[in-house]
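Working through the structure, step by step
Take a look at the letters that make up each chain.
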Amino acid sequence: MGDGPIPSNIEQIIPVWNDISTWNLAALSPVTRSYTLGVGNMLVQAPLAGFAGWIQDDWQVAPRLTVNLGLRYDVEDGVFAEDVEMEPFLKGGRKNDTNNWGPRVGAAFTLTPQTVLRGGAGRYFSDPGSHTAYWTLLNASALQPQILNDGRPDFAANPFNGPTPTFDQVAATLCTVSSAPNCLRRSTTNFAVEGNEIPYSNQASFGMQRQIGSTMAIEADYVYTANRAMLVTLNANLAYDPATGVNYPFTNTAKRPYPAWGDVSVRRTIGESDYHGLQMAFTKRMSDRWQASATYLLAGQWNLQNAPAAGAGCVNPTTLMADGTPTCDVAFTLHPSLAEGWYLSPDQRHRFTFNGIWQIGAGFQASGLYFYGDQGWATPSSGVDALSSGSTGGRVRANGSLIPRNSFDIPSMHRVDARLQKQFRLGGNRSIEGIIEAFNLFNHANYASFTTNEASARFGQPTESVNVSYQPRMLQFGFRASF
């Protein structure tokens, strides 16, 4: 785990990314804070057992109004490894989340013979899979000792200052509260906590669709999705200073809630997000030798940054009482980079597409596609652990300044694809078609993402993407024979 900016000569330190024999790990020692190793039984199974049932029906309440009502129930056992115990963080025999009722309602109303109003709402539970259960089981059956950098110039290449310890050696030298400073501290990753629940979302939509003439239609819908009980990963072995609102340095083991432990990464279902979107579309079927369709999306998602309250049932972050006992019953003001609050996600706000086909005549046909996406805004990371929390992905720079959210404008994406084809009839049902296609006709520079780590030498530069949507102009020729 690093604690400093990426070295400017990182290409020389790691010349071949997939050949560890070429890496000069010792050169990374000045920016390395700790080393974690997993030993023990790495073969664990996390089986899940699930059940779902639902009922629904449609009622024609009136000649122009139809209502749909439904109810679904979901239950899943083993998602959070309820029987696993790992003191002092987790007790076995925890209750499963069985309160997963999902009511749904929908309605369609014929306003006029050409116009329909529609809408619906419901609660939908997700399947979080066995990821959390797997890591909980793995951490209970294996050891992940963490050793802090002791200042040796070869620490990153030789963290244990000798041979890698075995499972028995690690178990025999694990820290206790009164252990010597050079003992090994056990760490955990993505561990479950008591009180977790199955993630779910409350969804609703309302819209209209209207037919224009015999070949055209327009529609518009408002869509809302509120995600709740999302999994959030937090370090349960950090204590915070109420006077500053910042965690005590993680390297100060005496200020950890559990001094005999290293990182204690837990997963709590406390995440939330709200999505609002306006979706509009126009469609014209083939008539008078042409057809077309267009869509426009105006959307935004707001995410909740949770306060670092890692303990089960805790609302406040952990701090230390006068005698060193950890507690989360004390409310205090957190550093601005850590405080709970809502923020706008960097996703696209605007998205527009158009495609059409034109039967020119004399066997010629032209078609094309235009796509625009504003690509949104990104929030850079400092690349340094300015708060000594154990993470280098935060917004606090080494000088203490705070990187504003959504301060990196990702250039918009424009793309035009075009196709021209000519049919040559050979008599009967035989024909040959010649085809010319151009992708990204105007060769607009489109990028999927950018390097947003301020500590990287490539900060602000685009990252490579092999997706065809981001490729430069390409031409393609072809033919098709029919007989």
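Residues numbered from 1 in each chain as written. Predicted model: local features only at pLDDT ≥ 70, side-chain atom pairs only at ≥ 80, totals over all residues. Heavy atoms only, no water.

Concerning the side chain of Asn247
Inspection of the secondary structure puts Asn247 in strand β13 (residues 246-247). Accessibility expressed as a relative area gives 5% for Asn247, which makes it buried. Polar side-chain contacts of Asn247 include one of 3.2 Å to the backbone oxygen of Ser388. Among all residues touching Asn247, those that are not within four sequence positions of it are Leu238, Ala239, Tyr240, Leu387, Ser388 and Ser389. (Helix = DSSP H or I, 4+ residues; strand = E, 2+ residues; numbered from the N terminus. Buried < 20%, exposed > 50% of the residue type's maximum accessible area, 1.4 Å probe, protein only. Polar contact = N/O pair within 3.5 Å; in protein donor to acceptor, adjacent residues only side chain to side chain. Contact = heavy atoms within 4.5 Å.)

Description of unusual backbone geometry
Each neighbour pair has its own omega, and for Glu87 with Pro88 the value is 5 degrees, a cis peptide bond. With respect to the element layout, Pro88 can be found in the loop between β4 (65-77) and β5 (101-112). Unusually for a residue other than glycine, Gln375 sits at a positive phi of about 65 degrees. Checked against the element boundaries, Gln375 lands in the loop between β20 (364-373) and β21 (377-378).

Overview of a nonpolar patch on the surface
Together, Trp290, Trp358, Ile360, Phe364, Leu420, Ile436, Leu475 and Phe477 make up a nonpolar patch on the protein surface, roughly 790 Å² of accessible area in all. Among the secondary structure elements, those contributing two or more residues to the nonpolar patch are β19 (350-361) and β27 (474-482). On the accessibility criterion, Leu475 (56% relative accessible area) is exposed. (Patch = residues over 30% accessible without salt bridge, like charges linked within 9 Å, V, L, I, M, F, W, Y side chains within 5 Å. Areas by Shrake-Rupley, 256 points an atom, 1.4 Å probe, with all protein chains shown as cover. Salt bridge = Lys/Arg side-chain N within 4 Å of Asp/Glu carboxyl O.)

Comments concerning the state of the cysteines
Two cysteines form a disulfide when their sulfur atoms are joined by a covalent bond. Tallied over the full model, the rule gives 2 disulfides. Disulfide partner of Cys175: Cys183, at an S-S distance of 1.8 Å. For the disulfide bridge between Cys175 and Cys183, the dihedral angle about the S-S bond is near 100 degrees, and by the sign convention the bridge is right-handed. Among the residues examined, Cys175 registers a relative accessible area of 10% and is labelled buried. By relative accessible area, Cys183 is classed as buried at 11%. Covalently, Cys314 is tied to Cys328 through a disulfide, its sulfur atoms 2.2 Å apart. Residues Cys314 and Cys328 are joined through a disulfide that is left-handed, its torsion about the S-S bond being -70 degrees. Residue Cys314 is located in the loop between β15 (290-305) and β16 (319-320), and its partner Cys328 is located in the loop between β17 (326-327) and β18 (341-344); the two are separated by 14 residues in the primary sequence. By the burial criterion, Cys314 is buried, and Cys328 matches it. Shown here for the chain is a disulfide pattern of 1-2, 3-4, where each number marks a bonded cysteine counted in sequence order. (Disulfide = S-S within 2.5 Å.)

Quick word on the environment of Asn306
Inspection of the secondary structure assignment puts Asn306 in the loop between β15 and β16. When the C-alpha positions of Asn306 and Ala226 are compared, they lie 16 Å apart, and in sequence the two are 80 residues distant. In this structure Asn306 touches Val232, Ile270, Gly271, Leu338 and Glu340, once residues within four positions along its chain are discounted. Only 2.9 Å separates the side chain of Asn306 from the backbone oxygen of Ile270, close enough to count as a polar contact.

A short note on the packing of aromatic side chains
With the rule as written, the count across this model stands at 10 aromatic pairs. Taking the centre distance of 4.5 Å and the plane angle of 40 degrees together, the rings of Tyr73 and Trp101 count as tilted. Here Tyr73, found in strand β4, pairs with Trp101, found in strand β5; they are 28 residues apart in sequence, far enough to count as distant. Assessed through its relative accessible area of 18%, Tyr73 is described here as buried. For Trp101, a relative accessible area of 47% puts it in the partly exposed group. Here Phe408 and Phe450 contribute two aromatic rings whose centre-to-centre distance is 5.7 Å and whose plane-to-plane angle is 55 degrees, an arrangement assigned as tilted. With Phe408 in strand β22 (residues 408-409) and Phe450 in strand β25 (residues 449-450), this residue pair connects regions lying 42 residues apart in the sequence. Judged by its relative accessible area of 14%, Phe408 falls in the buried class. Among the residues examined, Phe450 registers a relative accessible area of 14% and is labelled buried. Taken together through their ring pairs, the aromatic side chains of Phe408, Tyr447, Phe450 and Phe459 make up a single cluster. Across the ring face of Phe424, the terminal group of Lys422 is positioned such that the distance to the ring centre comes to 5.3 Å. (Phe/Tyr/Trp six-rings, centres within 6.5 Å; stacked < 30°, edge-to-face > 60°. Lys NZ or Arg CZ within 6 Å of the ring centre and 35° of its normal.)

So, the pairing of strand β3 (residues 49-62)
Sparse coverage of β3 is indicated by the burial of 0 of its 14 residues. Where β3 lies against β4, 13 bridges are found, and the strand directions are antiparallel. The residue bridging Gln60 from the neighbouring strand is Thr66, located in β4. (Pairing = 2+ DSSP bridges.)

A few points about the pattern of salt bridges
The full count for this structure, using the stated rule, is 12 salt bridges. With its nearest N and O atoms 3.6 Å apart, the salt bridge here joins Glu272 to Arg228. Here Glu272 is found in strand β14 (residues 261-287), whereas its partner Arg228 is found in strand β11 (residues 216-235), with 44 residues between them in sequence. If you follow the salt bridges from partner to partner, you end up with Arg118, Glu219 and Asp221 in one network.

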